[in-house]
Amino acid sequence: MTRSARFMLLLLISLISLGCRTESGTNVGDQDKLTVCLLPKIKGIPYFTSCHTGAQEAAAELGDIELIYDGPIDGDPKEQAELIEQWIVDGVDVICIAPNAPLVVANAMKEARDAGIHVVTWDADGVPESRSFFVNQATPESIGRGMVDVMIADVGPDQEGDVVIISSDATSANQNSWIDAMKPAIEESKLTLQTIKYPGENAANALADAQDLIKVYPNLKGIFGISSVSFPGAAEAVRQAGKSGEIKVTGLAVPSEMKSYVDDGTVNSVVLWNTKDLGYLTVQVAKALAEGRLTDSDTSLNAGRLGEIQIEGDNVLLGDVMVFNKDNIDSF
Amino acid sequence: MMIHSQATQSDRLLLRIDRINKAYGGVQALQDVSFEVGRGEVHALCGENGAGKSTLIKLLTGVTRPDSGSLVMNQGALPVGNVRGCEAAGIAVLHQESTAFPDLNAIDNIFVGRELRAAGGFLLARDAMRREAAELLEQLGESIDLTVPLGQLPLAQRQMVSMARAMSCQCQLFIMDEPTASLSAQESQKMLMLVNQLKEQGISILYVSHRLEEIFQVADAVTVLRDGQYVATHAVEDLDDRKLIQLMVGRELDELTVRQTISQPKSDETQKPSTLKVDQLSRQGIFQDVSFSIAAGEIVGMAGLVGAGRSEIARAIFGIDSYDEGTVEVNGEILPSGSVARAKHVGMAMVPEDRQHEGLVLPMSVQNNLTLANLRDLQDFGWLSQTRERGQAKRLIADLDIRVTDPRLPVETLSGGNQQKVVIGKWLASMPNLLILDEPTRGVDVAAKAQVHRLIRELADEGMATLMISSELSEILTLSDRILVIHQGRIAAEFEGATATQEQLLHAALVGSAP
Amino acid sequence: MNQPRAVAQFNYWHELVLFGLLIGLLGLAEYLSPGFLSLRGQLYLSRHLWVFAIMALSMTLIIIAGGIDLSVGSAMGLCAVAFGVTFEMTGQLPIAIIACLLTGVLGGLFNGALIARFKLHPLIVTLATYAAFRGMAEGISQGESYSQFGDRFSELSRATLLGIPLPGYLFFVLAVLVGLFLWRTPTGRSIYAIGHSAEAARFSGISVNRIRIGLYTFSGFLAGLATVIYVSRFDTAKADAGRGFELDVITAVVVGGTSIFGGRGTIVGTVLGLLLIHETRQFVGRYWQVDELKSIVVGVLLIVSVLIYQLLVRQRETRSH
Amino acid sequence: MTRNSKTETSAFARITTRREFGLAVLIALITIFVSFFDPRFLDAINLRDILVRCAPTAIVACGMMLVIVTAEIDISVGSLMALTAAAMGIMLSENEWNLSLWIGLPATLMLGTAVGLLTGLLVTVGKVPSIIVTLGLLTALRGFTTLMMGGKNIDGLPPSLQHAAKQGFWGIPLGVWVAACVLVMTLVIIAWTPLGRRIFAFGSSRYAATMCGLSEKPLKLFVFAYTGFLTALATIVDVPRLPTIESGIGLEFELLVVTCVVVGGVSINGGRGTLLGVLLAVVLMTMIRPVLTYLEIGEEAEKWTKAIQGTLIAIAVIGDSLLRRRRRGGPRS
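Residues numbered from 1 in each chain as written. Chains lettered and ligands numbered in written order. Predicted model: local features only at pLDDT ≥ 70, side-chain atom pairs only at ≥ 80, totals over all residues. Heavy atoms only, no water.

Right, let's talk about the overall build of chain A for a bit. When its secondary structure is counted, chain A shows 10 helices and 14 strands. Summarising its shape, the C-alpha atoms of chain A cover approximately 75 × 65 × 30 Å along the three principal directions. Of the contacts made within chain A by residues no fewer than 6 positions apart, 70% connect residues no fewer than 24 positions apart. Total accessible area on chain A is roughly 11,400 Å²; 51% of this is exposed by carbon and sulfur atoms. Distance from the positive charge centre (25 side chains) to the negative charge centre (48 side chains) of chain A: 5 Å. (Helix = DSSP H or I, 4+ residues; strand = E, 2+ residues; numbered from the N terminus. Contact = heavy atoms within 4.5 Å. Areas by Shrake-Rupley, 256 points an atom, 1.4 Å probe, with all protein chains shown as cover. Lys, Arg positive; Asp, Glu negative; His and termini not counted. Charge placed at Lys NZ, Arg CZ, Asp CG, Glu CD.)

Okay, structure coming up:
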């Protein structure tokens, strides 16, 4: 065994010696171009894919931008942090992140800034000191309230009745922050929140939960589907139960994904903002920031086809949530 | 299904094995072996472990294929390397290790691999299979619940099911590999009767066994292999123990000398302090108030039928299993129930029944196996000392003359006899003063057997208290100072080793009381 | 039988193969994307490694002993919640850390006790606790996350000494200790014996149960330790900590040449396995910037590495006897 | 050590100590409790829904059972479901290739079978332990599927297929019918074909099997291919029920199936297990979510769902082993 011991030692030493050459990291991509990283909460879901298309549009428009779009396929915030750290080493110019859990990525974002990389948040804000600007289309409050308002409008202003929320996992930060905003709003209304379900990112469970809720709460007036799988799941359940129209379903989604449900009246309104514009604006901001055209004191920014965009403090305002329904859903 | 032989002079010839060669890697397992088996004869196949018996059986049953040479059955070449083909040609085999499926019932066990088909061969003919299974077991005089998984049946019955499986295909040559290795004396007798029955039905039998007395009881002819080579074939009449053993080991081996040293009366044993004292040991449904003691330097043999509870008692004493009532006392210290560590600590050692799974860690090297039982003694400041480990291994290999080229080779590459020596050696290293041996020479070839016997006796003379379980009455009688006979979990009788006879032991084991 | 001694005793083929693969990978990576091997970058990104690496140590022992622990990831979730809750109650970091470790130990002890005492298959037991631990974590914390443990604590995971992050030191110390323990102590030897044949080990007077319980408890403890680093690194203690880690850890250990059937494996192998997977993910991420590829490549890597080894072994076996 | 007396235990004792019995009792108790709390639980519509949800799990569990009986395991079924779903969507969707069902569905089934075969080959020919092969596939296939779908969901499956999956025939959705057929088919394979008996024989004792001239490869190739096939089948009958095909389909499905098979009393060491036990386990596992909903446990308690599931699994397997130990003479069996 002593021989094998020596063998092991040799292995380790040569490995370590070979593993690293002292030399500083070099940039990826070519130097004259501006490297912008777009980091979504989850890669591979329509919502962020449509943001990506917007971003590509902007990149093409501005020309000298190399756009990197990458993110965790399972929405693991830990991996968001790891990607940022990877990009720090690669020495990119701008990182635009949609934090899935602000605190988890905060340290990585700070380190990115220390490394001289511009950090912008979009879609959801992060810890303030961890980024320079937030491309703000909606705060958790506005989203939560927005959904509740839509529901009240759909059900009828002074209608009484039960509503339920179908979320994602019990631990998903965004959904929880929206729920925190929704609860008081529902309190104020005539509606009563019966329960909250956590089917996870599992479409089958979401559908199942919705089906059961419909059966259990005869006085059910509305279902909030607040994840990319629970919204269609809830709508599908209502449709299959033949209760389209009786039970209103609303939530957050890319309108095109919900089109068929809107058409047959299962869903009156889909809460969202123009995701393409969001992506587009984010890249515009990144570029301006990198070129120093955008400073803390600015109050507006010329963002290509979007024209002049308002800036409040460090929030670039895309405008509040929009509500899509039969009339305007095709315009999306 | 059998190819009927046209009336020729070779009519009485069933199987011809012709210049067979078989090598595994570098090792020549069989070197042009040739002999013949006649119709309706019981042909014994003898040889030490590693002589090539098992390899030959594997070839005849189509599990492996020979490198060269031919196997001719009924003037037709045997389909080599094809199990089903060999079965079709009329060869059945009863394997040494239990080849039963513990989770399947008797029916499936008998028919798996060549099920009776129905519905155009797609489905099983379950009723037909059930009926036939019942009949087969009927013939064997066994009444077995066909529905319970075989794992829940006693060993002897499992053996009978394997027997039934072997007989279920109309065979002309029946190979029996150590059929009695795991059977008690009386069950073995039954097995031998079956052999004669088959013979009368005109079925040839290739009988492999280490138990010479059996061979002389049933065999017509004996073929001896040694180191993969054919030695000789004799009619059983012109042989006796010594001659046969001589052929097998290839040198004069004086078993009598062993006997003499062994059966010397030990007068002083009564004064000796008892090393082991077992008192009213009981375990619900397994064994009841077993009490006995063993003095230092005394060998106590434990006889009885398989399933009588001998191994269970031993396991309980050693702490593998726990017991309900009673006490085990070693050198005045009472042991807790079910703690091997404790038992080991007070100097107990056990050579278990199942060498392959309980005695050895097969893939580990010989050296590591030899030091496994006393690793703690080989450490300095918590670290294993390589040098001392190697030293101990070397010493034991020399002392027990274990035949191994390199102590770093996996122990599974050793022959049965040498493996058993490793198991014993592993325990000798821990300097025990009480040794429990469960079937110490099962599946061990004659030469190694004698060595093991001598070793046991020598240890006893150095003051080792020994409890030896064996199904071989001759072994019990030759070695034991005192003999306990277990019957249905109780001590049925006790004998003086010097005076006891096979008949007495057998009677006690069967009836449950001394004659 | 009569095989050349060198072959008989040289049983580190897998390590050798891994080493070759690793060198090849590093070379390729540096060639394809220059600057990949920069010391600063490598050390900086090594932080992705430590949490897995620490748990991989105990997993190696467990798998060598013929067991498996699917519950480590969920155990981390439970530990994280314990950490958060105690910190919220007391405001004392040391207490929180102790609570975290204790939770891990108890969880592991629970697994071990069920496996050893009730003779249940480890896969079954840990499959059950896999669900149970995570569930309890979510229930207790109600899905909320705990944070603000102070900058000094979050420094723990990112501070460096001589350029090497502190968790790195922790890991290497642990690795060396566990490695020596496995290779050169009676208990270490016993673990291999148990992995090959628990029965034979028992008959040799090795207290199999005690060792098994010990191993799973140790695994729980390391899960707790990993959680501390995890929490410090992400400033967040939440029930979803370590989700899916069990598979990543097992992957690393198996790529490291530990036989899933027990009895074979080394810590050096595991370290190599960890590095190989780490560098692969890093290279794929840097070169293609496509997250999906990482999982594809790692999955293939797992299968291929074992495949190569199997071919190697069979070659050797045909050469010898 | 088992002795004769074992075989003479009364039929009643034998039944009551069987895993199936315990599961049936558990299911009965839960049902009684819930329906006492809310009678609507027994409404036909609800029972139908539960059956429908059982279907995919039951279908795949049939294959998984055979795999585990041969002492192997397949933890890639979840990802395989996603892959086959994506493939099916791309082939059949009116927005994609828009192929006819007669091409699309067989192709989907073939894909599933092919992946199963690949697994089998790696296990039998490549000698790579199945848990490793399938662990690798678990991650690889998932990643591959996400790439394949390019961040978009797939809609527009043929209405006929959707209708069959949602409404089905005579009020019972397609999934239930198919599941029933698969169960019968598997039962026949197990009890009435040589293949089935040999699978069990092999799992029971590898050594004995080789001595009987049974060859390992075909058996294992079959069980893995069968599982792959059934996974594709489950996809076909279940996915059209869902609003859209997204890359997250079948997440952690493998754990659910394995859990069901294990809870159903199939020995992880191979050789032992009954289809009935597995079926009951599937029902038990599936009914937990609706039960909790019907109990209206409220949002705090909702967050304990996973904990409750975990505890139930633990109780099922641990309680059973304790029960069995009491029947046995001792640790040896």
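Glancing now at helix α18 (residues 502-511) of chain B. Residue and element names in this part refer to chain B. Along α18, the residues that are buried comprise L505, A508 and A509. Seen along its axis, α18 keeps its buried residues to an arc of 95 degrees; they face one direction. The exposed set on the far side of α18, more than 90 degrees from its buried face, consists of E503 and V511. On the buried face of α18, the contacting elements are β15 (299-304), α17 (473-479), β23 (482-487) and β24 (490-496). Of the residues one or two after α18, G512 is the one with positive phi, at around 100 degrees. (Buried < 20%, exposed > 50% of the residue type's maximum accessible area, 1.4 Å probe, protein only. Arc of directions from axis to C-beta.)

Residues and elements named next belong to chain A. The pairing of strand β6 (residues 161-166) with strand β7 (residues 191-197) spans 5 bridges and is classified as parallel. The residue bridging V163 from the neighbouring strand is L193, located in β7. A crossover links β6 with its parallel partner β7, the connecting element being helix α6 (residues 173-188), and its sense is right-handed. (Pairing = 2+ DSSP bridges. Right-handed = clockwise from strand over helix to strand, strands pointing away.)

With that settled, consider the side chain of T134 of chain D. All names here are of chain D. Tracing the chain through its elements places T134 in helix α7 (residues 130-149). A polar contact is formed between the side chain of T134 and the backbone oxygen of I131, at a distance of 3.3 Å. In this structure T134 touches I73, D74, I75, S76 and T119, once residues within four positions along its chain are discounted. (Polar contact = N/O pair within 3.5 Å; in protein donor to acceptor, adjacent residues only side chain to side chain.)

All names here are of chain A. Overall, the predicted model of chain A reaches an average pLDDT of 85, with 90% of residues at or above 70. When pLDDT is averaged over each helix and strand of chain A, the minimum, 57, is found for helix α1 (residues 2-19) and the maximum, 95, for strand β3 (residues 94-97). For the stretch residues 19-29, pLDDT sits under 50, and the model shows 33 contacts to residues farther than four places along the chain or on other chains. (pLDDT = per-residue confidence, 0-100.)

Let's shift gears to empty space enclosed by the protein. Applying the stated rule across the entire model yields 13 cavities of 30 Å³ or more. Here the largest cavity defines a volume of roughly 200 Å³. Forming the boundary of the largest cavity are 17 residues, of which E87, V93, H95 and R165 of chain B together with M211 of chain D lie nearest the centre. For the lining of the largest cavity, the element with the most residues is strand β6 (residues 91-94) of chain B, which contributes 4 residues. (1 Å grid on protein atoms, 1.4 Å probe; cavity = no way out; pocket = protein on both sides within 12 Å on 5 of 7 lines; lining within 4 Å. Points joined across faces, edges and corners; volume = space filled by probe spheres on them.)

This part takes up the sheet that holds strand β16 (residues 325-330) of chain B. Residue and element names in this part refer to chain B. The 4 strands are arranged β14-β13-β16-β17 in an open sheet whose pairing can be described as antiparallel. In this open sheet, the two strands that pair with only one neighbour each are β14 (287-295) and β17 (333-334). Summarising the sheet, β16 and β17 pair through 2 bridges and their orientation is antiparallel. In the sheet register, E329 faces β17, and the bridge partner there is I334. Across the face of the sheet, helix α10 (residues 310-318) comes into contact with β13 (274-283), β14 and β16 while running at roughly 65 degrees to β14. (Axes fitted to C-alpha atoms, helices over the stretch in contact; angles between N-to-C directions.)

Before going further, it helps to spend a moment on the sheet that holds strand β9 (residues 248-251) of chain A. Residues and elements named next belong to chain A. What the 4 strands build is an open sheet, ordered β7-β6-β8-β9; its pairing is parallel. With partners counted over all chains shown, the strands left at the sheet margins are β7 and β9, one partner each. Geometrically, the sheet is characterised by an average inter-axis angle of 25 degrees between neighbouring strands, direction not taken into account.

Formed by 319 residues in total, the largest nonpolar core has its most connected members in I84 and F224 of chain A. With 14 residues, helix α4 (residues 44-69) of chain D is the single largest residue contributor to this core. Those residues within four positions of F224 of chain A in sequence are excluded, and the remaining contacts are M147, V148, M151, V163, V164, I165, I166, M182, I186 and T250 of chain A. (Core = buried A, V, L, I, M, F, W, Y, C linked by side-chain atoms within 4.5 Å.)

All names here are of chain A. Examined at the domain level, chain A breaks down into domain 1 (34-137 + 274-319) and domain 2 (140-272). At the junction of the two partners, domain 1 supplies 10 residues and domain 2 supplies 6 residues. Interface of domain 1 and domain 2: buried area, both sides summed, is about 630 Å²; carbon and sulfur atoms make up 62% of it. At the junction of domain 1 and domain 2, the tally comes to 0 salt bridges. For the interface between domain 1 and domain 2, the tally reads 2 residue pairs in polar contact (both at pLDDT 80 or more). When grouped by side-chain class, the residues that make up the side of domain 1 that touches domain 2 number 6 nonpolar, 3 polar and 1 charged. (Domains from an automatic or database assignment. Buried area = accessible area lost by both parts, 1.4 Å probe. Salt bridge = Lys/Arg side-chain N within 4 Å of Asp/Glu carboxyl O. Nonpolar A, V, L, I, M, F, W, Y, C, P; charged D, E, K, R; others polar.)

Okay, the pattern of salt bridges next. As enumerated under the stated definition, the model contains 62 salt bridges over all chains in all. Note that R233 of chain C is salt-bridged to E85 of chain A, the shortest N-O span being 2.7 Å. With R233 of chain C in helix α12 (residues 208-234) and E85 of chain A in helix α3 (residues 77-90), the pair connects residues from two separate chains. Judged on exposure class, the residue R233 of chain C and its partner E85 of chain A are both buried. Between D108 of chain B and R197 of chain D there is a salt bridge, with its nearest N and O atoms 2.9 Å apart. One end of the pair, D108 of chain B, is in helix α3 (residues 106-111); the other, R197 of chain D, is in helix α10 (residues 194-204), on a second chain.

What follows concerns helix α8 (residues 230-240) of chain A. Of all 11 residues in α8 of chain A, 9 are buried, a share of seventy percent or more. Of all the residues in α8 of chain A, the buried ones are S230, F231, P232, G233, A234, A235, E236, A237 and V238 of chain A.

It is worth spelling out the packing of helix α10 (residues 186-196) of chain C against α12 of chain C at this point. All names here are of chain C. The geometry of α10 relative to α12 is characterised by a closest axis approach of 11 Å and an angle of 100 degrees between their N-to-C directions. As summarised for this structure, α10 and α12 are arranged roughly perpendicular, according to the angle between their axes. Two secondary-structure elements touch here, α10 through T187, S190, I191 and I194 and α12 through V208, I211, R212 and L215. Across the contact of α10 with α12, the residue classes tally to 5 nonpolar, 2 polar and 1 charged. (Parallel < 35°, antiparallel > 145°, perpendicular 65-115°, else oblique.)

Here H48 of chain C shows up in the loop between α3 (39-45) and α4 (50-64). Separated by 2.8 Å, the side chains of H48 of chain C and E85 of chain A make a polar contact.

Residue and element names in this part refer to chain B. With 6 bridges joining them, strand β11 (residues 221-226) and strand β12 (residues 229-235) adopt antiparallel strand pairing. By the bridge assignment, R226 is partnered in β12 with Q229. Remark: 2 residues form the turn of the hairpin made by β11 and β12, two consecutive strands paired antiparallel; D227 in that turn has positive phi of roughly 50 degrees.

Contacts between the two partners involve 38 residues from chain B and, on the opposite side, 25 residues from chain C. Roughly 2,800 Å² is buried in total at the junction of chain B and chain C, and carbon and sulfur atoms are behind 61% of that figure. Counting across the interface, chain B meets chain C through 1 salt bridge. Taking the shortest distance from any N to any O, the salt bridge between E389 of chain B and R189 of chain C comes out at 2.5 Å. Taken together, chain B and chain C are joined by 8 residue pairs in polar contact (both at pLDDT 80 or more). Among the elements of the structure, α10, α11 (340-345), α12 (355-359), β20 (383-384), α14 (386-399) and α15 (416-428) of chain B are those that each provide at least two residues to the side of chain B that touches chain C. Ranked by the residues each element gives to the side of chain B that touches chain C, the list is headed by α11 of chain B, at 3 residues. Within the side of chain B that touches chain C, the residues separate by chemical class into 19 nonpolar, 10 polar and 9 charged.

Turning our eyes to something else, we now look at unusual backbone geometry. Positive phi, close to 25 degrees, is recorded for D401 of chain B, a residue that is not glycine. Judged by its relative accessible area of 29%, D401 of chain B falls in the partly exposed class.

Packing of helix α7 (residues 122-141) of chain C against helix α13 (residues 253-263) of chain D leaves a shortest axis separation of 11 Å and a crossing angle of 125 degrees. One element, α7 of chain C, and the other, α13 of chain D, form an angle in the oblique class. Crossing of α7 of chain C against α13 of chain D: the hand is left-handed. Counting all contacts with α7 of chain C, which are made through I124, L127 and Y130 of chain C, the residues of α13 of chain D involved are L255, V258, T259 and V262 of chain D. Residue composition of the contact of α7 of chain C with α13 of chain D, by class: 6 nonpolar, 1 polar and no charged. (Left-handed = near helix turned anticlockwise from the far one by under 90°.)

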